[in-house]
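Take a look at the letters that make up each chain.
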2 protein chains.
Amino acid sequence: MPRRHDPERRQRIIDAAIRVVGRKGIAGLSHRSVAAEADVPLGSTTYHFTTLDDLMVAALRQANEGFAQVVAAHPALSDPEADLPAELARVLGEWLGGDRTGVELEYELYLAALRRPALRPVAAEWAEGVGALLAARTDPTTARALVAVLDGICLQVLLTDTPYDEEYAREVLTRLLSAPGTRDGRGPGSHPPAAAG
Amino acid sequence: MPRRHDPERRQRIIDAAIRVVGRKGIAGLSHRSVAAEADVPLGSTTYHFTTLDDLMVAALRQANEGFAQVVAAHPALSDPEADLPAELARVLGEWLGGDRTGVELEYELYLAALRRPALRPVAAEWAEGVGALLAARTDPTTARALVAVLDGICLQVLLTDTPYDEEYAREVLTRLLSAPGTRDGRGPGSHPPAAAG
DNA sequence: ATCCCATGTGTACGAGCGTACATAACGGGG
DNA sequence: CCCCGTTATGTACGCTCGTACACATGGGAT
């Protein structure tokens, strides 16, 4: 009970929120459910996060960092000598092959931006971050396209219960990258990052 | 009040549910809100749709038909002489350019399949349907890839408040289709439709 | 040492929810 | 015509929710 002066209270609430979303989905997220999961009183969650949107923003931001770590764990993605499509397909397979809970969690928070404008900047940050990472290997336009097709493939796997086909992903990614002039950073990308700032 | 014996009650409830989702999102969908929108008593919605999942399945199925009509309104998509990437990019632009409410509605119901297994077969039907439509112009594997990238592009537009760039979409689609041997229906598609049945 | 405010706690209220159920009307099959 | 199952209706129960608020507490600034 003597939990007075808990300097990491806020962080523990975010962690609890992520666990709640992972287990029960956003629909099961409430000040009360998070309070119970974090083992803090109700007033504590409402104090640190006035609205649930605030809480979701913090949770999504943290979940995004989690994905960034997965990418960072594969330095081959930055190696100019490596086979980029194959590496991307492999990383995606690893991520999707992990526990479905974590994948669903990140995607659910990400997709929630559709109806919650507060989440859109965070979702944009993520897309921008992955795009910037890939842009180092190609050009900005191609990088954006890669992010889009990665998203699309994940969506099909998650939404239609189709098993992930790494070979298929590699093939599609290869096609996007094999267009003339896309490997040296000066591809046909005549289009700016389109409000990427 | 004398609404007894209303043979189209069920259909009117589905229509009302779609309007509710369009206006307030899935989070605002309840037996009560739909009943109010359809101007029927609460007991009527619970009678025709025991669970909200039942109602969402019916709504998503109907929304999907709506999209199919948009596609059907562009016979050029089936014309072997037409520029498929350009046509696809144009149709997508028209769809995204319409009232955001309708687009959000369809996507929200579609994405809801992530956490609601009951919706997944319907989502799969949609992807399969669009895929089959495109497969007539290429091969099954390429068609699946087109659906994926279409989904990904929509997602980026809707989730990050980025304006739709038709030229960019056309370019990406072109790359996917310009791979050798993909225009005659016998492309590198060494992979089956991957549980498309 | 004292004060003050950010932080933490407990409780209550009103609203909306799914669900259950008793009852009423309708209309096709006997 | 009557009967009976499908359809329609109204109401109530128990639950969870966001919100508000009064009160406790402890540590950093003075």
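Rules of the game
Residues numbered from 1 in each chain as written. Chains lettered and ligands numbered in written order. Predicted model: local features only at pLDDT ≥ 70, side-chain atom pairs only at ≥ 80, totals over all residues. Heavy atoms only, no water. Core = buried A, V, L, I, M, F, W, Y, C linked by side-chain atoms within 4.5 Å. Buried < 20%, exposed > 50% of the residue type's maximum accessible area, 1.4 Å probe, protein only. Contact = heavy atoms within 4.5 Å. Least-squares fit on C-alpha atoms with pLDDT ≥ 70 in both. pLDDT = per-residue confidence, 0-100. Helix = DSSP H or I, 4+ residues; strand = E, 2+ residues; numbered from the N terminus. Phe/Tyr/Trp six-rings, centres within 6.5 Å; stacked < 30°, edge-to-face > 60°. Lys NZ or Arg CZ within 6 Å of the ring centre and 35° of its normal. Axes fitted to C-alpha atoms, helices over the stretch in contact; angles between N-to-C directions. Parallel < 35°, antiparallel > 145°, perpendicular 65-115°, else oblique. Nonpolar A, V, L, I, M, F, W, Y, C, P; charged D, E, K, R; others polar. Near = heavy atom within 4 Å. Polar contact = N/O pair within 3.5 Å; in protein donor to acceptor, adjacent residues only side chain to side chain. Buried area = accessible area lost by both parts, 1.4 Å probe. Salt bridge = Lys/Arg side-chain N within 4 Å of Asp/Glu carboxyl O.

Concerning the nonpolar core
Here is step 1 of the chain: If you look at the biggest cluster of nonpolar residues, it comprises 132 residues, and the most contacted ones within it are Tyr107, Leu109, Tyr110 and Leu111 of chain A together with Tyr107, Leu109 and Leu111 of chain B.
Here is step 2 of the chain: Those residues within four positions of Leu111 of chain A in sequence are excluded, and the remaining contacts are Leu155 of chain A together with Leu111, Leu114, Leu155 and Leu159 of chain B.

Here's the deal with the relation of the copies chain B and chain A
One copy of the chain maps onto the second through a rotation around an axis plus a translation along that axis.
Here is step 1 of the chain: Of the transformation placing chain B onto chain A, the axial shift is 0.0 Å and the rotation is 180°, giving an RMSD of 0.0 Å. The relationship between the two copies is best expressed as a two-fold rotation axis.
Here is step 2 of the chain: The overlap is high: 100% of the interface residues of chain B also sit at the interface in chain A, so the same surface is used on both sides.

Section: the confidence of the model for chain A
Residue and element names in this part refer to chain A.
Here is step 1 of the chain: Of all residues in chain A, 88% have pLDDT values of 70 or greater, and the mean over the chain is 89.
Here is step 2 of the chain: The spread of mean pLDDT over the elements of chain A runs between helix H4 (residues 52-72), the lowest at 91, and helix H2 (residues 31-38), the highest at 98.
Here is step 3 of the chain: Every residue in residues 184-197 is under pLDDT 50, and counting partners more than four places away or in other chains gives 22 contacts.

Observations concerning the packing of aromatic side chains
Here is step 1 of the chain: Evaluated as defined, the whole model comprises 6 aromatic pairs over all chains.
Here is step 2 of the chain: Geometrically, the ring pair formed by Tyr107 of chain A and Tyr110 of chain A is edge-to-face, given 5.7 Å between the ring centres and 80° between the ring planes. Residue Tyr107 of chain A and its partner Tyr110 of chain A are located together in helix H6 (residues 100-111), separated by 3 residues, close to a single helical turn.
Here is step 3 of the chain: Members of the aromatic cluster, connected to one another through ring pairs, are Trp95, Tyr107, Tyr110 and Trp126 of chain A.
Here is step 4 of the chain: Lying across the ring of Tyr168 of chain B, Arg144 of chain A places its NZ or CZ 4.2 Å from the centre.

A look at the packing of helix H8 (residues 140-160) of chain A against helix H7 (residues 120-135) of chain B
Here is step 1 of the chain: One can describe the packing of H8 of chain A onto H7 of chain B by two numbers: an axis separation of 8 Å at closest approach and a directional angle of 135°. Between H8 of chain A and H7 of chain B, the interaxial angle falls into the category oblique. Only Arg120, Ala123 and Ala124 of chain B of H7 of chain B make contact with H8 of chain A, whose side of the interface consists of Leu158, Leu159 and Thr160 of chain A.
Here is step 2 of the chain: Considered class by class, the residues forming the contact of H8 of chain A with H7 of chain B number 4 nonpolar, 1 polar and 1 charged.

Regarding the protein's contact with DNA strand C
Here is step 1 of the chain: Around DNA strand C lies a shell of 22 residues, among which Arg9 and His48 of chain A together with His5, Ser30 and Arg32 of chain B are the nearest.
Here is step 2 of the chain: A share of 65% is what sugar and phosphate atoms reach among the atoms of DNA strand C within 4 Å of the protein.
Here is step 3 of the chain: Separating a phosphate oxygen of DNA strand C from a side-chain N or O atom of Ser30 of chain B is a distance of 2.9 Å.
Here is step 4 of the chain: Measuring from a phosphate oxygen of DNA strand C, one finds a backbone N or O atom of His31 of chain B at 3.2 Å.
Here is step 5 of the chain: Secondary-structure elements contributing two or more residues to the surface near DNA strand C are helix H3 (42-48) of chain A together with helix H2 (31-38) and helix H3 (42-48) of chain B.
Here is step 6 of the chain: The dominant element in the surface near DNA strand C, judged by the number of residues it contributes, is H3 of chain A, at 5 residues.

Observations concerning the interface of chain B and chain A
Here is step 1 of the chain: The partner chain A presents 47 residues to the 47 residues of chain B that form the contact.
Here is step 2 of the chain: When the area that chain B buries against chain A is broken down by residue, the three leading residues are Leu114, Arg115 and Arg175 of chain B, summing to 20%.
Here is step 3 of the chain: Across the chain B-chain A interface, the total number found is 6 salt bridges.
Here is step 4 of the chain: A salt bridge links Arg120 of chain B to Asp161 of chain A, with the nearest nitrogen and oxygen atoms 3.1 Å apart.
Here is step 5 of the chain: On the surface where chain B and chain A come into contact, there are 20 residue pairs in polar contact (both at pLDDT 80 or more).
Here is step 6 of the chain: Taken together, the residues of the side of chain B that touches chain A break down into 25 nonpolar, 10 polar and 12 charged.

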